[in-house]
Amino acid sequence: MNQLALPLVWPPDPSDDDFLLSASNRMAAQMLRDWPSWPDRVALLTGPRKSGRSLLARLFAGASGGQVIDDAEAQGETALFHAWNAAQAGAVPLLIVADAPPPEWRVRLPDLRTRLAATPVARILPPDEALAAALLERGFLRRGLDARPDLIQWLTARLERSHLALIRAIDALDAAAFSSHRRLSIPLARATLAAAGLIPGQAAESGDIDGPPDARRNG
């Protein structure tokens, strides 16, 4: 399994994180990089929450000088309508970020609904295997946790393939390792994540032993 993902090759703000690319989000990233070719200077970016869509939108804004409307479903439809028209009439591109495009996003204003229906959509899909592994590796590294390759592979094969599930698993294992003063291991992960309902409950496999105490952090 290839656990490597490349950061988006844009000059992001130094305070931004790298946006990890894989087959699940590469087309969306490419479409945002190709903003000069958008026919009406407007595009939709959709994807599940915690998928990096806001980071990708910030990278787009930094590269293009464009405007971003995040969480668009919560914004006034009249304001969105005027922003769409202003982008088409002017030189500043507009990226509208939402959970899903219409008709899943129920837009009541007919004129806005018509415009959004004709707007190109960049979709971030649920993480594939390579991205899930890379997100787990990065998440544990940021917590100062030593997650060995066998654990990453074990988690990737068992966790729900969603950004939110990966974050919840990292949170749960961070708390479990801290409270038990033990290093991350497959037995610890199995017990912790089964109890949290993040993987199906399983009996301990033959030969499973937990790691030594006080070996939790990697430095």
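Quick note: structure is the one above.
To keep things clear, this report deals only with the structure shown in the data block.

A word on helix 2 (residues 53-64)
With twelve residues, helix 2 ought to run about 16 Å at 1.5 Å a step, and its terminal C-alpha atoms sit 16 Å apart, in line with that. Three or more residues of helix 2 are buried, namely Arg 53, Leu 55, Leu 56, Ala 57, Leu 59, Phe 60 and Ser 64. Contacts from the buried residues of helix 2 go to helix 1 (26-33), strand 1 (42-46), strand 2 (67-69) and strand 3 (94-98).

Digging into the packing of helix 5 (residues 129-142) against helix 7 (residues 163-180)
In contact at an axis separation of 10 Å, helix 5 and helix 7 are set at 35° when each is read in the N-to-C sense. Note on packing geometry: the crossing formed by helix 5 with helix 7 is right-handed. For the pair formed by helix 5 and helix 7, the contact residues are Leu 131, Ala 132, Leu 135, Leu 136, Gly 139 and Phe 140 on the first element and His 163, Leu 166, Ile 170 and Leu 173 on the second.

Things to note about the sheet that holds strand 3
A sheet is described by the order of its strands in space; here four strands give the open sequence 2-3-1-4, paired in parallel fashion. Because the sheet does not close on itself, it has two edges, and the strands there are strand 2 and strand 4 (121-123). Within the sheet, the average angular offset between the axes of one strand and its neighbour, ignoring direction, is 20°. Relative to strand 4, strand 1 is paired through three bridges, and the arrangement is parallel. Directly across from Thr 46, in strand 4, lies its bridge partner Arg 123. Against the sheet, helix 1 touches strand 1, strand 3 and strand 4, its axis set at about 145° to strand 4. Sitting on the sheet, helix 2 touches strand 1, strand 2 and strand 3, and the angle it makes with strand 3 is about 175°.

Topic: the nonpolar core
By size, the foremost hydrophobic cluster in this structure holds 27 residues, and its most contacted members are Leu 136, Phe 140, Leu 155, Leu 159, Leu 184 and Leu 193. Broken down by secondary-structure element, the contributors of at least two residues to this core are helix 5, helix 6 (149-158), helix 7 and helix 8 (186-195). Leave out the neighbours within four places in its chain, and Leu 184 touches Phe 140, Leu 145, Asp 146, Ala 147, Leu 151, Leu 173 and Ala 177. Counting residues in each nonpolar core, the second largest holds 19 residues, with Leu 32, Ala 43, Leu 95 and Ala 122 among its members.

Observations concerning unusual backbone geometry
Cis geometry is found at the peptide bond from Pro 102 to Pro 103, where omega equals 10°. Secondary-structure assignment places Pro 103 in the loop between strand 3 and helix 4 (110-117). Its identity is not glycine, yet His 181 carries a phi of approximately 55°, on the positive side. Turning to its location among the elements, His 181 is positioned in the loop between helix 7 and helix 8.

The rules behind these values
Residues numbered from 1 in each chain as written. Predicted model: local features only at pLDDT ≥ 70, side-chain atom pairs only at ≥ 80, totals over all residues. Heavy atoms only, no water. Helix = DSSP H or I, 4+ residues; strand = E, 2+ residues; numbered from the N terminus. Expected span 1.5 Å × (residues − 1). Buried < 20%, exposed > 50% of the residue type's maximum accessible area, 1.4 Å probe, protein only. Contact = heavy atoms within 4.5 Å. Axes fitted to C-alpha atoms, helices over the stretch in contact; angles between N-to-C directions. Left-handed = near helix turned anticlockwise from the far one by under 90°. Pairing = 2+ DSSP bridges. Core = buried A, V, L, I, M, F, W, Y, C linked by side-chain atoms within 4.5 Å.

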